[in-house]
Amino acid sequence: MKIIPGPASTELGEKISQLTGFDKVNVASRIFPDGESYVRLEGNVQGEHVAIVQTTCAPQDTRLMQLAFLANAAKRNGAKKVTAVVPYLAYARQDKIFLQGETISIEAIANMLHASGIDQLITVNVHAEDALSKFPFPTKTLSAIPLLAQYFVQKGCKKAFALSPDKGAMYIADQAKQVFGGESGHLEKYRDRYTGQTTQTGKHLNVKDQTVVILDDIISTGGTIVGAAKILREQGATHVYTACVHGLLIGDAEKRILDAGVEEIVSTDSVPTKNSKVTLAPLISQELKAQASG
Ligand code: R5P
């Protein structure tokens, strides 16, 4: 197997190459003055199973095109199998028709990636597994929650309360609970499909005088975490932290979360930012090594 670190995940791709011991094939890339993307493989992939590591956070459409071009280049240059390692999978949240006339965005993306030569997709904590059913080739989603929870244990937050801000993310709180050894719970969240506005409610949680870590797959505008932090304060939590796999942190999200009394924001390098304190490299490397030897 060879690793191709895409332009959106150069550092992560290099770490994966080091951890797995698989050679990497560098990519030359640039954006033309009119906004079009250019990529070129700088090494030999003839007869190889290649893993292209390319996250698809903003600018999502450019990142997706670069991924498609790299897959096309790999196949044109004789790669026998192309695995796309896409830590953050853009458009996965539009995995069904919510309102008449919409598209299933992730289905269109899946077909485009298939046509470009991708044979398999590995992603991390996809928002809903339903999204993966739209891909016409094998897919796998890995979970970074144990790695995020370990970060807090190493920080001394043993027995922290693991909270998910909505019922759908309860599996995330439960995975963190296994590492923390404390309790877990969830809030209720309702989203208005026309305005996008969310409202949250919190039943009584056993968080008085507790350290709480709010865990979610994505933090985007930060509204969900700000709302959850407010409820936790009202219920007497002493220390509140937040962790997510994909820290999109749009606009002033970080400031709003910290202003709401959250002491630290921790995310992974699926979206590289200064909050990416946990790398996905060991998780992805383990999967690729298993595939290469299996
Ligand atoms: C949605 O259900 C996701 O799991 C996240 O809770 C959501 O994307 C967070 O968005 P925001 O940060 O804008 O509240």
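Conventions used here
- Residues numbered from 1 in each chain as written.
- Predicted model: local features only at pLDDT ≥ 70, side-chain atom pairs only at ≥ 80, totals over all residues.
- Heavy atoms only, no water.
- Near = heavy atom within 4 Å.
- Polar contact = N/O pair within 3.5 Å; in protein donor to acceptor, adjacent residues only side chain to side chain.
- Areas by Shrake-Rupley, 256 points an atom, 1.4 Å probe, with all protein chains shown as cover.
- Helix = DSSP H or I, 4+ residues; strand = E, 2+ residues; numbered from the N terminus.
- Nonpolar A, V, L, I, M, F, W, Y, C, P; charged D, E, K, R; others polar.
- Pairing = 2+ DSSP bridges.
- Axes fitted to C-alpha atoms, helices over the stretch in contact; angles between N-to-C directions.
- Contact = heavy atoms within 4.5 Å.
- Buried < 20%, exposed > 50% of the residue type's maximum accessible area, 1.4 Å probe, protein only.
- Disulfide = S-S within 2.5 Å.
- Arc of directions from axis to C-beta.
- Domains from an automatic or database assignment.
- Buried area = accessible area lost by both parts, 1.4 Å probe.
- Salt bridge = Lys/Arg side-chain N within 4 Å of Asp/Glu carboxyl O.

Some details on the site of the ligand
And step 1. If you check the shell around the ligand, you find 13 residues, and the closest are Asp216, Asp217, Ser220, Thr221 and Thr224.
And step 2. Interatomic distance of 2.5 Å between a side-chain N/O atom of Asp217 and an oxygen atom of the ligand.
And step 3. Between the ligand and Gly222, the relevant distance is 2.8 Å, taken from an oxygen atom to a main-chain nitrogen or oxygen of the residue.
And step 4. Coverage of the ligand by the protein chains reaches 89% of its 380 Å² of free accessible surface.
And step 5. Sorting the residues of the shell around the ligand by element identifies strand 12 (211-219) and helix 6 (223-234) as the ones contributing at least two each.
And step 6. The dominant element in the shell around the ligand, judged by the number of residues it contributes, is strand 12, at four residues.
And step 7. Tallied by class, the residues present in the shell around the ligand amount to two nonpolar, six polar and five charged.

Details of the sheet that holds strand 9 (residues 184-186)
And step 1. Read across the sheet, six strands follow the order 9-8-12-13-14-15 without closing on themselves; strand pairing throughout is parallel. This sheet does not close on itself; its edge strands, each paired only once, are strand 9 and strand 15 (276-278). Here the strands of the sheet are splayed against their neighbours by 35° on average, with no regard to which way each runs.
And step 2. Where strand 12 lies against strand 13 (residues 239-247), eight bridges are found, and the strand directions are parallel. Directly across from Ile219, in strand 13, lies its bridge partner Gly247.
And step 3. The strands touched by helix 6 within the sheet are strand 8 (161-164), strand 12 and strand 13, with strand 12 carrying the most contacts at an inclination of about 165°.

Considerations on the environment of Gly13
And step 1. Within the secondary structure, Gly13 sits in helix 1 (residues 10-20).
And step 2. Given the relative accessible area of 0%, Gly13 is considered buried.
And step 3. Counting along the chain gives 13 residues from Gly13 to Asn26, while the straight-line C-alpha distance between them is 9.7 Å.
And step 4. Residue contacts for Gly13: discarding those within four places in its chain leaves Ile3, Pro5 and Val53.

Quick look at the state of the cysteines
And step 1. Tallying each qualifying case throughout the model produces zero disulfides.
And step 2. Of all cysteine sulfurs, the one in Cys244 lies closest to Cys57, which takes part in no disulfide; the gap is 12 Å.

Things to note about helix 4 (residues 145-154)
And step 1. When we look at burial in helix 4, the residues that qualify are Ile145, Leu148, Ala149, Phe152 and Val153. The buried side chains of helix 4 occupy one side of the element, clustering within an arc of 145° when seen end-on.
And step 2. Where the residues of helix 4 are buried, they touch helix 5 (170-180), strand 12, strand 13, strand 14 (265-268) and strand 15.
And step 3. Where helix 4 terminates, the next one or two residues include Gly156, which has phi positive at roughly 100°.

Here we look at the sheet that holds strand 5 (residues 81-86)
And step 1. One open sheet holds the five strands; their spatial order is 1-4-5-6-7, and the pairing between them is parallel. Edge positions in the sheet fall to strand 1 (2-5) and strand 7 (139-142), since each of these pairs with one other strand and no more. Shown here is a sheet whose adjacent strand axes are inclined to one another by a mean of 20°, direction ignored.
And step 2. Summarising the sheet, strand 5 and strand 6 (residues 120-124) pair through four bridges and their orientation is parallel. In the sheet register, Ala84 faces strand 6, and the bridge partner there is Leu121.

Here's the deal with the domain arrangement of the protein
And step 1. For the protein, the assigned domains read domain 1 (2-143 + 279-293) and domain 2 (145-269).
And step 2. For domain 1 versus domain 2, the distance between C-alpha centres works out to 28 Å.
And step 3. Taken together, the contact between domain 1 and domain 2 spans 14 residues of the former and 15 residues of the latter.
And step 4. Taken over both partners, the interface formed by domain 1 and domain 2 buries close to 1,400 Å², and the fraction arising from carbon and sulfur atoms is 60%.
And step 5. Seen at the junction of domain 1 and domain 2, the total is one salt bridge.
And step 6. Counting every contact that joins domain 1 to domain 2 gives eight residue pairs in polar contact (both at pLDDT 80 or more).
And step 7. In terms of residue class, the side of domain 1 that touches domain 2 is made up of eight nonpolar, four polar and two charged.

Observations regarding helix 1
And step 1. Inspection of helix 1 places Leu12, Gly13, Ile16, Ser17 and Thr20 among the buried residues, and these make up the whole buried set. End-on, the buried residues of helix 1 take up no more than an arc of 140°, which puts them together on one face. For helix 1, exposure combined with an orientation more than 90 degrees from the buried face picks out Glu11 and Gln18.
And step 2. On its buried side, helix 1 packs onto strand 1, strand 4 (49-53) and helix 8 (281-293).
And step 3. Gly21, located one to two residues past helix 1, shows a positive phi value of around 80°.

Section: the pairing of strand 6
And step 1. The element strand 6 is extensively covered by neighbouring structure, given that five of its five residues are classed as buried.
And step 2. The alternating pattern of strand 6 places Gln120, Ile122 and Val124 and Leu121 and Thr123 on opposite faces, both of which are buried.
And step 3. Looking at chain direction, strand 6 and strand 7 are connected through four bridges and run parallel. What sits directly across from Thr123, in strand 7, is Thr141.

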